[in-house]
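# A look at the structure
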Amino acid sequence: MNYFPDEVLEHVFDFVASHRDRNAVSLVCRLWHRVERLSRQRVFVGNCYALSPEILIARFPGLKSLTLKGKPHFADFNLVPHDWGGYVQPWIEALSNSRIGLEELRLKRMVVSDESLELLSRSLANFKSLVLVSCEGFTTVGLAAIAANCRFLRELDLQENEIDDHSGHWLSCFPDSCTSLISLNFACLKGEINLAALERLVARSPNLRSLRLNRAVPLETLQNILMRAPQLVDLGTGSYIHDPDSETYNKLKHTILKCKSIRNLSGFLEVAPRCLPAIYPICLNLTSLNLSYAAGIHGSELVKLIRRCAKLQRLWILDCIGDKGLEVVASTCKELQELRVFPSDVLGVGHAAVTENGLVAISAGCPKLHSLLYFCQQMTNAALIVVAKNCPNFIRFRLCILEPTKPDPVTMQPLDDGFGAIVQSCKHLRRLSLSGLLTDRVFLYIGMYAEQLEMLSVAFAGDSDKGMLYVLNGCKKLRKLEIRDCPYGDKALLTDVGKYETMRSLWMSSCEVTLGGCKTLAKEMPRLNVEIINEHDQMEIGSEEQRVEKMYLYRTLVGPRKDAPEFVWTL
Amino acid sequence: MSPLLLTADEGEQSNVSSSPTVDCISQNGSGLKECNYMGLSDCSSVDCSAVSSSSEEKKNNLNLKATELRLGLPGSQSPGRTPELCLLNTGKHDEKPLFPLIPSKEGICSLLQKHVVSGNKRGFSDTIDVFSEVKGSVYTAGNWMIHATSDSQPPQSVGQGKFPGNSGMNVVPSSMSSGACSRILEFSGKILQEDPCSTNGISHNHKTASKNNSSAPALKAQVVGWPPIRSFRKNSLATTPKNSPIALFVKVSMDGAPYQRKVDLRTYSTYQELSTALEKMFSCFTIGQCGSQGAPGREMLSESKLRDLLHGSEYVLTYEDKDGDWMLVGDVPWVMFIESCKRLKIMRGSDAIGLAPRAMEKTSKRI
């Protein structure tokens, strides 16, 4: 190992790109650790409370790109109270006080304030890329600061954030000298947009490859934009409504013909289906299509569109496509790798329009499928077994049967065998979400077969502590386990406490763990933060037998966090 | 074959209709017992011999309600909460509506309050009524969302038999934890208390309940966090109209106001938003309505304030639907409402005799 000068090692490490591999490299010996950390540019922090900004900055002085995740996954579903935490401010403060020339910041489920954005924009001179996913706490004022101050901004990507929209002026804050934009996504903004400013911005951004508009951008503007930016690779339409007999629509049809580079298409937040033919010419080139917000496109229109998309690799749609529509997908999209079918009736009641038949059809027609998110009305063991056989390559398999604890409607059996077949057949499965009626047996299968499993989401399942224990014992690579409404108690929690230090986090809500159990765990494992979320002041200290409603534990280098709100107790 | 287990409820007998239901169950001779969470956890859905453990039931009874987090439409009420909360919505908005949009819900709430203390198990059988009654459109407050899946169930599920023909329901109880069962469903189950016929025993529910469709308003409250869809997506799709998304302007008239207004219903996604907007629009015409709205940031209203609001508030929001009938705003899901609403009218309470007073009556009983 000492044969090579550091520069050579560094050069070799340049070819090691993935975080995992680089982490492994850093563990080989002190020399490698040093060379690796000094040359590392991209760091991924899966839990912002696992370490402190200072630790990060000390270890990686060459940091250029940082990814941070805050709240636990179940926060997406309103299970985590609003002010739980996940603030990015301390990170930005620390970075701005350091000599780190951060260029890219990617945040997920974090609380971002306008002050944070402003500080970021003023203190990081070389900042180029901001990606915010499912974040909240900021407004268009913060965006204006980013636009105005980040002279070399290349990417501003806002995905599904809750943003208070105060005005459309932030777009005008991009100086005329800003010509470096490559990617701009503001589809989640709810308010008005300064259309002229948008058009001018697009006109002076020759490198623009990805543009996703919000609902406030009408078809006329889309037309103008596409005229200026036929080189777009990724397009998200805004409001896609017009009179198909109009001049504007005609122009659009012609303009789109020139957009030969478009590979990703999304948006259609509002849509007049009669205007869809304008996009038919680009369908053949599409590799990614996201119509999951396009509630206005129904059945036959949807199918007509999809029939033209033979090269699709990724498809996100609403379940109004129905089983029949999925059969069309199966016969058309032979290259399909990722499929997400969302419920169009978001209240979750009534009929999801897809059943096990749609999934079976897909599995038969799309052998390359490796990622699935499927909300459906019902599922059978037989179907899952067929799917497992047809698609042994699943990496992510997330099935959500809308009705909790629903069994196989044909046999009235739990779905243990079906999911068992999936984990047995899909040897590379990394992420699994279960639903339907499930007993401890499914967890036995998971523990036995799911060797690569890293993330497991469980709801309303299992009969006893054994279920959870099978998983904890069997899945060696488990990193994230999230459980809600299952009968797992202290025994399951406490049997193998060392396991939790090998994992990123564990979430348990509406289970049977008690305050006493959590306290015991916290005492035995000082390097875990065991947080109890006590929302309604129900818990009294000292009543050990009390059931804990929500517990979130995670490994950390820095002990209990100082920004925990009143209702979060770190034991 | 998953057994469906029901136990005789040991809680308070709060209403006539509940006990006959329980009796009916045991009379069915199937040995059905409601199982609590722990009880169910002892039985796999595969074998049939589970027995509920009553001591654990009791333990679960204690804290479950308090620990629940529930969401519901304005006016929907979670059992166990204080009456003052009745008027309030999910808690996101601190403003109190000027016109109680959903006064009928208060009626429901008052009933709920009475039944709240009943044992958790009680709600279970009552729920059956709810589910079989409203085809696929009823939610329950509490941690579970269960919908009646009627049509698409294959015939085999009928064999399940012990529960109302609604096969979707059959599944739910057997594997549901007691905490769940109980917590949830007593809430929506109570809705039907108004109509005793609907609780004539489980096996009858399917038929009788459907007749009673109109009597129980579809109270929608969801299991928190289920189905697991990001809130952003939920909110987004809720506001996206599925049909032609052109603006939907409707006239709004108010009794006594010199001129009418128009609002675009598409710009709102909840009743609360509409109410707030209308309030702002018409505030210049109303006098002294807003006193009780100075409630502090928390959702708690004191009893007296609640009374003031109800009795003091003279106005009721109504709408004319496609059939030309004047309806009280707030009964149906928002999306359904905007599709059928032709005009809005802010009526004086005294004019809305058929609509509001019953609700006010019930609330005054509660208070």
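Residues numbered from 1 in each chain as written. Chains lettered and ligands numbered in written order. Predicted model: local features only at pLDDT ≥ 70, side-chain atom pairs only at ≥ 80, totals over all residues. Heavy atoms only, no water.

### Quick notes on the overall build of chain A
- For chain A, the helix and strand inventory stands at 20 helices and 25 strands.
- Looking at chain A as a whole, 63% of its 571 residues are labelled buried.
- In chain A, of all internal contacts separated by at least 6 residues, the share reaching a separation of at least 24 is 71%.
- When the accessible area of chain A is evaluated, it comes to approximately 21300 Å², of which 53% is carbon and sulfur surface. (Helix = DSSP H or I, 4+ residues; strand = E, 2+ residues; numbered from the N terminus. Buried < 20%, exposed > 50% of the residue type's maximum accessible area, 1.4 Å probe, protein only. Contact = heavy atoms within 4.5 Å. Areas by Shrake-Rupley, 256 points an atom, 1.4 Å probe, with all protein chains shown as cover.)

### A word on the UniProt feature "domain: COI1 F-box" (unreviewed entry) in chain A
- Listed under "domain: COI1 F-box" (unreviewed entry) in the UniProt record, and renumbered for this structure, are residues 4-41 of chain A.
- Structurally, residues 4-41 of chain A is divided into 71% helix and 0% strand, and its ends, taken at the C-alpha atoms, are 21 Å apart. (UniProt positions renumbered as here; feature names shortened; annotations may be inferred.)

### Quick look at helix H12 (residues 299-306) of chain A
Residue and element names in this part refer to chain A.
- All of the buried residues along H12 are Leu 302, Val 303, Leu 305 and Ile 306. The buried side chains of H12 occupy one side of the element, clustering within an arc of 160° when seen end-on.
- Structurally, H12 contributes buried residues whose contacts are with helix H11 (280-283), strand E15 (314-318) and helix H13 (322-332). (Arc of directions from axis to C-beta.)

### With respect to the pattern of salt bridges
- Scanning all chains against the criterion turns up 31 salt bridges over all chains.
- Linked through salt bridges whose partners overlap, the residues forming this network are Asp 76, Arg 109 and Glu 160 of chain A together with Arg 230 and Arg 233 of chain B. (Salt bridge = Lys/Arg side-chain N within 4 Å of Asp/Glu carboxyl O.)

### Digging into a nonpolar patch on the surface
- On the surface, a cluster of nonpolar side chains totalling about 450 Å² of accessible area is made up of Tyr 3, Phe 4, Val 8 and Val 12 of chain A.
- In this fold, Val 8 of chain A is placed in helix H1 (residues 6-14). (Patch = residues over 30% accessible without salt bridge, like charges linked within 9 Å, V, L, I, M, F, W, Y side chains within 5 Å.)

### Examining the nonpolar core
- Leu 66, Trp 170, Tyr 240, Phe 397 and Ile 446 of chain A are the most contacted members of the largest nonpolar core, which totals 187 residues.
- Contacts of Ile 446 of chain A, omitting those with residues within four sequence positions, involve Val 423, Leu 432, Leu 434, Leu 453, Leu 456, Val 471 and Cys 475 of chain A. (Core = buried A, V, L, I, M, F, W, Y, C linked by side-chain atoms within 4.5 Å.)

### A few points about the environment of Ala 364 of chain A
- Along the polypeptide, Ala 364 of chain A turns up in helix H14 (residues 356-365).
- The spatial distance from the C-alpha of Ala 364 of chain A to the C-alpha of Val 386 of chain A is 8.5 Å, given a sequence separation of 22 residues.

### Points about unusual backbone geometry
- Between Trp 226 of chain B and Pro 227 of chain B the backbone carries a cis peptide bond, its omega angle lying at -5°.
- Within the element layout of this structure, Pro 227 of chain B appears in the loop between strand E2 (221-222) and helix H9 (231-239).
- Residues other than glycine seldom take positive phi values, yet Ser 134 of chain A does so here, at roughly 50°.
- Checked against the element boundaries, Ser 134 of chain A lands in the loop between strand E4 (129-133) and strand E5 (136-139).
- According to the relative accessible area criterion, Ser 134 of chain A is buried, its value standing at 14%.
- For Phe 268 of chain A, which is not glycine, the phi dihedral falls at a positive 55°.
- By the secondary structure assignment, Phe 268 of chain A is in the loop between strand E12 (264-266) and strand E13 (270-271).
- Classification of Phe 268 of chain A by relative accessible area gives buried; the value is 0%.

### What about the pairing of strand E7 (residues 341-348) of chain B?
Residues and elements named next belong to chain B.
- In terms of strand pairing, strand E3 (residues 249-254) meets E7 through four bridges, oriented parallel. Residue pairing across strands places Met 254 opposite Ile 346, the latter belonging to E7.
- As defined by bridge partners, strand E5 (residues 315-321) adjoins E7 across seven bridges and the pair is classed as antiparallel. Counterpart to Tyr 315 in the pairing with E7 is Arg 348. (Pairing = 2+ DSSP bridges.)

### A look at the sheet that holds strand E4 (residues 261-264) of chain B
Residue and element names in this part refer to chain B.
- Strand order in the open sheet formed by five strands is E4-E3-E7-E5-E6, with mixed pairing between adjacent strands. At either margin of the open sheet sits one strand with a lone partner, and together these are E4 and strand E6 (326-328). Strand-to-strand twist across the sheet, computed as the mean angle between neighbouring axes with direction ignored, equals 30°.
- Set on the sheet, helix H10 (residues 271-282) makes contact with E3, E4, E5 and E7; between it and E4 the angle comes to about 155°. (Axes fitted to C-alpha atoms, helices over the stretch in contact; angles between N-to-C directions.)

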